[in-house]
Amino acid sequence: ADFGAQVVRVDRRDSPGGGSHLARGKRSLVLDLKRPRGAAVLRRLCARADVVLEPFRPGVMEKLQLGPEILHQENPKLIYARLSGFGQSGRFSRVAGHDINYLALSGVLSKIGRSGENPYAPLNLLADFGGGGLMCALGIVMALFERTRSGKGQVIDANMVEGTAYLSSFLWKTQKLGLWEQPRGQNLLDGGAPFYTTYRTADGEFMAVGAIEPQFYELLIKGLGLKSDELPHQMSMTDWPEMKKKFADVFAKKTKAEWCQIFDGTDACVTPVLTFEEVVHHAHNKERGSFITDEEQGVSPRPAPLLSGTPAIPSSKRDPLLGEHSEEILKEFGFNQEEIDQLYSDKIIESNKLKANL
């Protein structure tokens, strides 16, 4: 939607919270798909759509008579994107799960966590939004591009287990090079290295350190007021725990703002760990306009990436109410007023308009 797609979200009447946290720039149609006439309405919409994106377990859409075979008969150009947790086949395909379960089955969860502690999931970003949503969006874009050559749509089996595993291809490749030989939390990029981790400052805030290359590491040591010739070699893994303690003691002597004064503008790869409140006011982000504010003064990240010719134009309007656009969407897709009135009276569709309090 941010990049110009017209997105219609088909909602249930009892959709919890209306899914409003993922609704920017989208329109909402409330439709009862469990009734044959509701499914018939959606088939009519899909006959003119470019993409249908469905998030159910395998077999649900077929049961509703909305599977790809049926929809492709009416619209051979339709891109049919299926986004699921475990995929369209396999013994887990029909069971429930969440981000942490998909992460676990992909192998990635085993790599994330502190030394000696249980693995932990980084919120629900990796499987839900990275391996799931973003990989599915990439599949849709590729299918749309291929359609310009073949004129035909296709089915996309996007799932969070395989999407997350594919996203982690780097881990599989570098494992052969010995980058992940140590137990969890004791390797180069998982918090084991003293030069690739976070440190607490005097005011209880944090700094992030990522000084991997020798020339950047030298600048880190210099900024900390230490001397290289008095320290163990950077890549001496047996000395890493001791080095982390030494670095932690130094970082704890100055505030986050003081460390920023020392490291900002240098190549030491040391940056403040910003809160959501701070990130909007950081000079770099302000210069780039990296965060936007909507008409209700809600702040969110500006859409990325930046395109030189067709940049995103995110909606600044409030998120839609559940079913707010039911009538206008159906009219756009060729339904006449008599049909719409009948769908209302039969409770196949539902509308929800914002009412003025006068």
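Residues numbered from 1 in each chain as written. Predicted model: local features only at pLDDT ≥ 70, side-chain atom pairs only at ≥ 80, totals over all residues. Heavy atoms only, no water.

- With an unreviewed UniProt entry as reference, the protein chain is termed Alpha-methylacyl-CoA racemase, source organism Galeopterus variegatus.
- Looking at the protein chain in UniProt, the text filed under Sequence similarities (unreviewed entry) is "Belongs to the CoA-transferase III family." (UniProt positions renumbered as here; feature names shortened; annotations may be inferred.)

1. Concerning the sheet that holds strand S4 (residues 79-84)
Part 1: Strand order in the open sheet formed by 3 strands is S3-S4-S5, with parallel pairing between adjacent strands. The two strands at the open ends of the sheet, each matched to only one other strand, are strand S3 (51-54) and strand S5 (155-159). Between one strand axis and the next, the sheet turns by 15 degrees as a mean value, whatever way the strands run.
Part 2: Those strands touched by helix H6 (residues 160-167) are S4 and S5, and its axis lies near 75 degrees from that of S5. (Pairing = 2+ DSSP bridges. Helix = DSSP H or I, 4+ residues; strand = E, 2+ residues; numbered from the N terminus. Axes fitted to C-alpha atoms, helices over the stretch in contact; angles between N-to-C directions. Contact = heavy atoms within 4.5 Å.)

2. Side note on unusual backbone geometry
Part 1: Looking along the chain, the bond that leaves Ala-304 and enters Pro-305 is cis, with omega of 0 degrees.
Part 2: Position of Pro-305 relative to the elements: it lies in the loop between strand S10 (299-301) and helix H13 (326-332).
Part 3: Of note, Leu-123 is a non-glycine position whose phi angle comes to about 55 degrees, a positive value.
Part 4: Within the secondary structure, Leu-123 sits in the loop between helix H4 (99-106) and helix H5 (125-150).

3. Let's talk about a nonpolar patch on the surface
Part 1: On the surface, Leu-22, Leu-123, Leu-125 and Phe-129 cluster together into a nonpolar patch covering about 420 Å² of accessible area.
Part 2: Inspection of the secondary structure assignment puts Leu-125 in helix H5. (Patch = residues over 30% accessible without salt bridge, like charges linked within 9 Å, V, L, I, M, F, W, Y side chains within 5 Å. Areas by Shrake-Rupley, 256 points an atom, 1.4 Å probe, with all protein chains shown as cover. Salt bridge = Lys/Arg side-chain N within 4 Å of Asp/Glu carboxyl O.)

4. Observations regarding the pairing of S3
Part 1: Side chains Val-52 and Glu-54 of S3 all project onto a buried face; the interleaved residues Val-51 and Leu-53 project onto a face where none is buried.
Part 2: Note that S3 and S4 share 4 bridges and pair parallel. Looking across to S4, one finds that Glu-54 is bridged to Arg-82. (Buried < 20%, exposed > 50% of the residue type's maximum accessible area, 1.4 Å probe, protein only.)

5. Description of helix H1 (residues 36-46)
Part 1: Listed as buried for H1 are Gly-38, Ala-39, Val-41, Leu-42, Leu-45 and Cys-46. Across the axial projection of H1, the buried residues extend over an arc of 150 degrees, all falling on one side.
Part 2: Looking at the buried residues of H1, the elements they touch are strand S1 (8-11), strand S2 (27-31), S3, helix H3 (68-74), H13 and helix H14 (337-345). (Arc of directions from axis to C-beta.)

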